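Descriptive analysis of the structure
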Amino acid sequence: MIPFSTKVDKIEESQTIAITSLARKLRAEGKNVISLSAGEPDFPTPENVKLAAIKAIQDNFTKYTQNEGIPELREAIAEKFRVENRLNVKAANILVSNGGKHSLFNALQAICNPGDEVIVPAPYWVSFPEMVKLADGVPIILRTSEEKGFTFDAADVERLLSDKTKAIIINTPSNPTGAVISEQSLRDIADLARKKNFYIISDEIYEKIIYDGNKHFSVGSVPEASRLVITASGVSKAYSMTGWRIGFMAADEEIIKRAAKVQSQVTSNASSISQAAALEALRGAQADVEKMRLAFQKRRDLTIARLASISGLTVGRPGGAFYFFPSVKGLFGKSYDGKSLKGSIDVAQFLLAEAQVTLVPGIAFGSDDHIRISYAYSERELTEALDRIAAAVSGLK
Ligand SMILES: Cc1ncc(COP(=O)(O)O)c(C=O)c1O
């Protein structure tokens, strides 16, 4: 056979997408599966946003747009970043892409050369290391611990710096841990980036899903480091618009030009209709965003004690996003059906088989001692799923 790309063969398939598809398949076969594996809000997209998209279609706003995004949307995003995130940006600093994932991909393509090192704190979102590899970079994993709430600081970053360090990817609030990095740590890391000259790719897609009265802090707002920070966000999580595929980034114009060049040769503009919808999401009423945030916080509070009471699981209190990342180490060595549980994939398979609940094994996020449970589900589903998990776990030998 003619050889395929070795670069692509070294990339892992997204495990979260794989598990979600498996749950969908089992359900289609009539199995009563509860999925706690998806990374998307369960609410409908707000009505005003849907109407804006319908109007766009009726107005025949259905053709190619500017590659970088329509000017009104770029301006609305720049304004959002100025007002909410205190970034010093204008429309020329904004690139609209096909989802936050695409924004991050473009950003890495724009800055990486072969062999460049990109620091990725673990547990990480599944796509970070793979995207670094696709940009010919080398992911350097920064291990964090449960004891410190999966956070890290400038000293942890400094230990991993080398003359090949090109960037660090920071995701706060985090998928999969829900950890929120403190403003002080972000300021210190910005200071380190300025002194040692590396980029910070700040993935802030969960910026609006933050709890306990905490305020999201954008590292790009630190003036001394702002030229080094690429801020990526989007409408997927905050406005429950995962299927619309609109993400965006703010960065220095030289980075935007390069990222836009990559985009122009790969996808061109994001969907014209989705751009019209995103404009309404950003400029229209914001009440639904807060409603969803409060619902997630309530679900977290309702389910955390139940989860913690399951013997063999230990869980911290996530400060944002909509995921628990409990340790399942306490289950290792126990067995069901003659099989002994040895890692997170075994635990996920056991819970699918015995509780008919899908979760994502932590190994997909760089930790084999954990599983990821999404609580972007109704209280009824969450309660039933946790009851089933508790029953299955209590049957382990
Ligand atoms: C940490 C993180 N960044 C980026 C994204 C990408 O979002 P989008 O659906 O807008 O591509 C996700 C989606 O799951 C995410 O969890």
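Before going further, it helps to examine the overall build of the protein. When helices and strands are tallied, the protein shows 13 helices and 14 strands. Whereas a compact globule of 397 residues would reach a radius of gyration of roughly 21 Å, the protein reaches 21 Å, a difference of no more than 12%. Once the C-alpha set of the protein is aligned to its principal axes, its extents read approximately 60 × 55 × 55 Å. Considering only residue pairs separated by 6 or more positions, the protein has 72% of its internal contacts joining residues 24 or more positions apart. Accessible area for the protein stands at about 17,500 Å²; split by element, carbon and sulfur atoms hold 52% of it. Where the 49 positive side-chain charges of the protein centre and where its 47 negative ones centre are 1 Å apart.

Let's shift gears to the site of the ligand. In the vicinity of the ligand, 13 residues are found, and the nearest of them are G100, N175, D203, S236 and K237. S236 places a polar side-chain atom, nitrogen or oxygen, 2.6 Å from an oxygen atom of the ligand. Against a free-state accessible area of 390 Å², the protein chains account for coverage of 92% of the ligand. At three residues, the largest contribution of residues to the shell around the ligand is made by helix α5 (residues 100-111).

Another point: the pattern of salt bridges. Inspection of every chain in the model, using the stated rule, returns 29 salt bridges. E253 is the salt-bridge partner of K90, the closest N and O atoms lying 3.4 Å from each other. Here E253 lies in helix α9 (residues 253-266) and K90 lies in the loop between α4 (71-85) and β2 (94-97), a separation of 163 residues in the sequence. K90 gets classed as partly exposed once you look at its relative accessible area, which sits at 49%. One salt bridge connects R317 with D301, and the closest N-O pair in it is separated by 3.7 Å. Here D301 lies in helix α11 (residues 287-308) and R317 lies in the loop between α11 and β9 (323-324), a separation of 16 residues in the sequence. Its relative accessible area of 52% is what places R317 among the exposed residues. Members of the salt-bridge network, linked through shared partners, are K80, E84, E207 and K208.

Buried residues dominate strand β6 (residues 199-203), accounting for four of its five residues. Pairing between strand β5 (residues 165-171) and β6: five bridges, direction parallel. Bridge pairing in β6 places N171 opposite D203. A crossover connection joins β5 to the parallel β6 through helix α8 (residues 183-196); in handedness this β-α-β unit is right-handed. Of the pairings in the sheet, the one linking β6 to strand β7 (residues 229-234) comprises four bridges and is parallel in character. Each bridged residue has a counterpart across the sheet, and for I200 the counterpart in β7 is V229.

Taking 1.5 Å of rise per residue, 15 residues should cover 21 Å, and α4 covers 20 Å from first to last C-alpha, within 8% of that figure. Along α4, the residues that are buried comprise L73, R74, A76, I77, A78, K80, F81 and N85. Buried residues along α4 sit in contact with β2, β7, β8 (247-250), α9 and α10 (272-283). Following α4 by one or two positions, R86 has its phi on the positive side, about 60 degrees.

This paragraph deals with the environment of L359. Along the polypeptide, L359 turns up in the loop between β12 (357-358) and β13 (360-361). By relative accessible area, L359 is classed as buried at 1%. Considered as a pair, L359 and F325 are 34 residues apart in the sequence and their alpha carbons are 10 Å apart. Those residues in contact with L359, other than ones at most four positions away along the chain, are I19, L36, S37, A348, L351, I371, R372, I373 and I389.

Between A122 and P123 the backbone carries a cis peptide bond, its omega angle lying at 0 degrees. Along the chain, the position of P123 falls in the loop between β3 (117-122) and α6 (127-134). With a phi angle near 60 degrees, R245 is a residue other than glycine that sits in the positive phi range. Using a relative accessible area of 33% as the deciding quantity, one classes R245 as partly exposed.

Membership of the largest hydrophobic core comes to 40 residues, with the highest contact counts inside it found for L36, F322 and L351. Structurally, this core is a two-domain feature, drawing no fewer than three residues from each of domain 1 (6-44 + 288-394) and domain 2 (50-283). Once you skip the residues sitting within four places of it in the chain, F322 turns out to touch G39, E40, P41, Y206, I209, Y211, K237, F296, I373, S374, Y375 and A376. If you look at the next biggest cluster of nonpolar residues, it comprises 33 residues, including A107, V126, I255 and V360.

This paragraph deals with the packing of aromatic side chains. For the coordinates displayed, the defined rule picks out 11 aromatic pairs. Relative to F322, the ring of Y206 has its centre 5.5 Å away and its plane inclined at 85 degrees; by these criteria the two rings are edge-to-face. With Y206 in the loop between β6 and β7 and F322 in the loop between α11 and β9, this pair connects stretches of sequence that are 116 residues apart. Exposure class is identical for Y206 and F322. Each is buried. One aromatic cluster is present, built from ring pairs that chain together F43, Y206, F296, F322 and Y323.

The subject of this paragraph is the packing of helix α3 (residues 47-58) against α10. Interaxial distance between α3 and α10 falls to 8 Å at its minimum, and their mutual angle equals 145 degrees. You can see that α3 and α10 cross each other, and the crossing is right-handed. Counting all contacts with α3, which are made through N48, V49, A52, A53, A56 and I57, the residues of α10 involved are I273, A276, A277, E280 and A281. Class assignment of the residues belonging to the contact of α3 with α10 gives a composition of nine nonpolar, one polar and one charged.

Reading the values: rules and limits
Once a new chain begins, its residue numbering starts again from 1 and follows that chain's sequence as written. In view of the model being predicted, local features appear only for residues whose pLDDT reaches at least 70, and side-chain atom pairs are presented and counted only at 80 or more, with totals across whole chains, interfaces and linings using the full set of residues. Neither water nor hydrogens contribute to the side-chain values; these are computed over all heavy atoms in the structure. Comment: elements are numbered from the N terminus, with helices defined as DSSP H or I runs of at least four residues and strands as E runs of at least two. The globule rule used here is 2.2 Å times the number of residues to the 0.38 power, and the radius of gyration it is set against is calculated over C-alpha atoms. Here, residues are in contact when the closest pair of their heavy atoms is within 4.5 Å. Here, Shrake-Rupley sampling with a 1.4 Å probe gives the accessible areas, and only protein chains in the shown set may cover a residue. For the purpose of counting charges, residues Lys and Arg are taken to be positive, whereas Asp and Glu are taken to be negative. His and the chain ends are not included. Think of each charge as sitting on NZ of Lys, CZ of Arg, CG of Asp or CD of Glu. What makes a residue near a molecule or strand is one non-hydrogen atom of that residue sitting within 4 Å of it. Two N or O atoms count as a polar contact when they lie within 3.5 Å, although within protein this holds only if one can serve as hydrogen donor and the other as acceptor, and sequence-adjacent residues are included solely when both atoms are side-chain atoms. Within this document, salt bridges are pairs made up of a side-chain nitrogen of Lys or Arg and a carboxyl oxygen of Asp or Glu, the two lying within 4 Å of each other. Accessible area is worked out with a 1.4 Å probe on protein chains only. A residue is then buried under 20% of its type maximum, exposed over 50%, and partly exposed in between. The criterion for strand pairing is that DSSP finds at least two bridges linking the strands in question. When the strands point away from the viewer and the connection leading from the first strand across the helix to the second strand turns clockwise, the crossover is called right-handed. For a helix, the expected span equals 1.5 Å multiplied by the number of residues minus one. We define the nonpolar core as a collection of buried residues of types Ala, Val, Leu, Ile, Met, Phe, Trp, Tyr and Cys that are connected through side-chain atoms lying within 4.5 Å of one another. Each domain's extent was defined by an automatic or database domain assignment. In this scheme Phe, Tyr and Trp rings, the latter by its six-membered ring, pair at centre separations within 6.5 Å, and the angle between planes marks the pair as stacked below 30 degrees, edge-to-face above 60, and tilted otherwise. In this description, a line fitted to the C-alpha atoms serves as the axis of each element, helices being fitted only across the stretch in contact, and the angle between N-to-C directions of two axes falls anywhere from 0 to 180 degrees. Helix crossings fall into two classes, left-handed where the near helix is turned counterclockwise from the far one by less than a right angle and right-handed where it is turned clockwise. Under this grouping Gly is polar, as are all residues other than the nonpolar Ala, Val, Leu, Ile, Met, Phe, Trp, Tyr, Cys and Pro and the charged Asp, Glu, Lys and Arg.

As far as function goes, none of this settles anything; it's purely spatial.
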